Amino acid sequence: MTLLHTFDFDGLEVMNSKGQWQPIKSRPNGFIMNIGDVLSRMTNGRFKATRHRVLDIGRDRYSVPFFNEPSFDADIGINWVNKFTKEGPEHVPEKYGPWYMHTVKHIKKFAEYKTLPEFDY
């Protein structure tokens, strides 16, 4: 999960479900929250992590992001949607670190991770 205070600067865009970039309008004294991949996974995809980018707005700007990630060995196997709806397993043990490394290496295919060794689940 990411919380971002933009100090009233625009330039942040998110990709919508049609694959189009959509500008996010900053609000005075407001925060922008991105759910992130972990919470998306823990809610069965009901809440979506958004692909996003920041555009050059032609002037200096500052933002203060706050990133919150679990520890490498944290169990992220809880499924909050299934726990509430009782429509599937509520918990399948899974460690954050190996899940994250697999996600960025094999699903998102980030170039900087492609030479890393495999991690055991």
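Worth saying up front: this structure is predicted, and the values here are computed from it rather than measured.

Chemist: Looking at this structure, I do not really get helix 3 (residues 96-107). What am I missing?
Modeler: For an α-helix the count is 3.6 residues per turn, leaving residues at separations of three or four pointing the same way. Three or more residues of helix 3 are buried, namely Tyr 96, Gly 97, Pro 98, Trp 99, Met 101, Thr 103, Val 104 and Lys 105. Those residues of helix 3 that are buried are in contact with helix 1 (36-42). Just downstream of helix 3 lies Lys 109, where phi reads positive at about 55 degrees.

Chemist: Before we go on, may I ask you to explain the sheet that holds strand 5 (residues 52-54) in this structure?
Modeler: The strands making up a sheet associate through hydrogen bonds between their backbones, and the pairing can be parallel or antiparallel. Across the sheet, 3 strands lie side by side as 3-2-5; this open sheet has antiparallel pairing. Sheet topology places strand 3 (21-23) and strand 5 at the edges, where each strand pairs with a single neighbour. Direction aside, the axes of adjacent strands within the sheet are offset by 30 degrees on average. Strand direction decides the pairing type here: strand 2 (residues 12-15) and strand 3, joined by 3 bridges, are antiparallel. Considered in strand 3, the bridge of Glu 13 is made with Pro 23.

Calculation criteria
- Residues numbered from 1 in each chain as written.
- Predicted model: local features only at pLDDT ≥ 70, side-chain atom pairs only at ≥ 80, totals over all residues.
- Heavy atoms only, no water.
- Buried < 20%, exposed > 50% of the residue type's maximum accessible area, 1.4 Å probe, protein only.
- Helix = DSSP H or I, 4+ residues; strand = E, 2+ residues; numbered from the N terminus.
- Contact = heavy atoms within 4.5 Å.
- Pairing = 2+ DSSP bridges.
- Axes fitted to C-alpha atoms, helices over the stretch in contact; angles between N-to-C directions.

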